[in-house]
There are 2 protein chains.
Amino acid sequence: MSQKLTIQKRPRNAGATREAILQSALAAFARSGYDGVGVREIAQGAGVTGVLVNRYFGSKEDLFSAAVEIAFSDDSLFTGDASQLATRLTDAVLVKTDKAAEPIDPLLLLLRSASNPRAATILRDSIASHFERPLRSALTGRNANERAAMILSFFAGLQLFRKVIGAKALTDGNRADLYASIMAAFQSMIGGG
Amino acid sequence: MSQKLTIQKRPRNAGATREAILQSALAAFARSGYDGVGVREIAQGAGVTGVLVNRYFGSKEDLFSAAVEIAFSDDSLFTGDASQLATRLTDAVLVKTDKAAEPIDPLLLLLRSASNPRAATILRDSIASHFERPLRSALTGRNANERAAMILSFFAGLQLFRKVIGAKALTDGNRADLYASIMAAFQSMIGGG
DNA sequence: GTCTATAGAAAGATAGAC
DNA sequence: GTCTATCTTTCTATAGAC
């Protein structure tokens, strides 16, 4: 009767465990920010204990680095057909992030973790290489660097007010009016030389 | 020789002490965010110990509420002459926050504290009443609510990329080009119906 | 490969002396 | 009115059993 068979242990599979931890971390950092989530909570989301997080990633900070690299690896918003850029960005702000089970949102992760100095440093470098550079390359005309940074700033600001602050005008307002206004603003920044 | 005269105690002055704590909290929350600073550190900045913070404000959360109310009490950016709104906003982004010893920056406080759920709730309410409402009143034309939220989003996003992320294009780029680009974007949002 | 148990640090909050 | 000292909780990280 003293058998410990009641304790459920995860099957031994290092690769799958590591990936599960990474996905859990991605979601947790986007939901609660670097300081707002503990290693225990991340581990629980992956069905393991906190020990394995440090075993596979070394430390919480190293885990955050790995999660950021994955979160920022998708630059499809900014590469590709430049003539559809305003539409893609507006859709990303208004439609993709509507209310459905949002996937891992890189900008939410950014916003909620940037208050930690070590996390901010990690984020700074990844933002520049993964987002600023491709967007700048997609722009034509003068001041492409400045306009790329402006477009990213606007994109991030919209998500901040929509998903973090919860500004009513951006969450409950008339959808068509909102779409037109945001689209016009993006086009002004993209087209302007 | 056992006299405790070597221990420096702050003169007894409740009002001044309370104000010193509040100013220290304002600066600390803007610098490190709600989670990034402790009651002890705030107290040290005011020359007292952590006890008095809780004595005067009840809890860290209540102190944060008091600090937010002060940080968001200045709405002069959004009230006043609407025809100069774009200039005021652009100046606020580029000039006021240049590199000099910035005063307490409300948006920096917002950005760095929004990851904490309780802080986010406090911020949400203050943003709406102190910033969204006056800006909406200053706008003419259609969709004033949506455009007001858009303008605030852009303003916040620029500060995020300039001061938190440190995007080079916004910190080291050509000043005149940057000024013109940002001004044009603001004017597009302000003027558009 | 994964667990339990715990060490060590730091946080918010409180009791009680002066 | 302000302090020192301490309680309690929570966190990251590690040691060692299985």
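Details of the structure are given in the entry above.
Our subject in this report is the structure included herewith. (Residues numbered from 1 in each chain as written. Chains lettered and ligands numbered in written order. Predicted model: local features only at pLDDT ≥ 70, side-chain atom pairs only at ≥ 80, totals over all residues. Heavy atoms only, no water.)

### With respect to the protein's contact with DNA strand C
To keep it simple, the criterion reads: By convention in this text, a residue qualifies as near a molecule or strand provided that one of its non-hydrogen atoms is within 4 Å of it. Think of a polar contact as two N or O atoms within 3.5 Å of one another; within protein, one of them needs to be a possible hydrogen donor and the other a possible acceptor, and neighboring residues in sequence only count if both atoms come from side chains. Labels follow the DSSP assignment, with helices taken as runs of H or I lasting at least four residues and strands as runs of E lasting at least two, numbered in each case from the N terminus. Residues are sorted three ways: Asp, Glu, Lys and Arg are charged, Ala, Val, Leu, Ile, Met, Phe, Trp, Tyr, Cys and Pro are nonpolar, and all the rest, Gly among them, are polar.
Not every one of the 21 residues close to DNA strand C is listed here, only the nearest: Arg 12 and Tyr 56 of chain A together with Val 39, Arg 40 and Lys 60 of chain B. In the model, a phosphate oxygen of DNA strand C is placed 2.7 Å from a nitrogen or oxygen of the Val 39 of chain B main chain. If you list the elements that add at least two residues to the surface near DNA strand C, you get helix H1 (14–32) and helix H3 (50–57) of chain A together with helix H2 (39–45) and helix H3 (50–57) of chain B. Examining the composition of the surface near DNA strand C, we find that four residues originate from one element, H3 of chain A, more than from any other. For the surface near DNA strand C, a count of residues per class yields nine nonpolar, seven polar and five charged.

### So, the packing of helix H5 (residues 85–94) of chain B against helix H8 (residues 144–165) of chain B
Residues and elements named next belong to chain B. Where we set the bar: An axis is simply a line fitted to the C-alpha atoms; with a helix, the fit covers only the stretch in contact. Between two such axes, the angle follows the N-to-C directions and lies from 0 to 180 degrees. Any angle that falls under 35 degrees is termed roughly parallel, while one over 145 is termed roughly antiparallel, one within 65 to 115 roughly perpendicular, and all others oblique. Left-handed describes a crossing whose near helix is turned anticlockwise from the far helix through less than a right angle; right-handed describes the clockwise counterpart. Contacts are assigned to residue pairs that have any heavy atoms within 4.5 Å of one another.
Closest axis-to-axis distance for the H5/H8 pair is 10 Å, and the angle between their directions is 20°. In terms of orientation, H5 lies roughly parallel with respect to H8. Handedness of the crossing formed by H5 with H8: right-handed. On the side of H5, the interface is formed by Leu 89, Ala 92, Val 93 and Leu 94, while H8 contributes Ile 151, Phe 155, Leu 158 and Arg 162. Split by residue class, the contact of H5 with H8 holds seven nonpolar, no polar and one charged.

### Topic: the protein's contact with DNA strand D
Contacts to DNA strand D come from 23 residues, most closely from Val 39 and Arg 40 of chain A together with Arg 12, Thr 17 and Tyr 56 of chain B. Sugar and phosphate atoms represent 49% of those atoms of DNA strand D found within 4 Å of the protein. One of the side-chain nitrogen or oxygen atoms of Thr 17 of chain B is found 2.9 Å away from a phosphate oxygen of DNA strand D. At 2.7 Å, a side-chain N or O of Tyr 56 of chain B approaches a phosphate oxygen of DNA strand D. Split by residue class, the surface near DNA strand D holds nine nonpolar, seven polar and seven charged.

### A short note on the interface of chain A and chain B
To be explicit about the condition: Once two parts are joined, some of their accessible surface, as seen by a 1.4 Å probe, is lost; buried area is that loss totalled over both. In what follows, salt bridge is the name for a side-chain nitrogen of Lys or Arg lying within 4 Å of a carboxyl oxygen of Asp or Glu.
Chain A puts 40 residues into the contact, and the matching count from chain B is 40 residues. Of the roughly 3300 Å² buried where chain A meets chain B, counting both sides, 68% is carbon and sulfur surface. On the surface where chain A and chain B come into contact, there are two salt bridges. The tally of links between chain A and chain B comes to six residue pairs in polar contact (both at pLDDT 80 or more). Among the elements that line the side of chain A that touches chain B, the one with the most residues is helix H8 (residues 144–165) of chain A, at 15 residues. Here the side of chain A that touches chain B is built from residues that sort into 21 nonpolar, 11 polar and eight charged.

Honestly, it's all geometry; don't read function into it.
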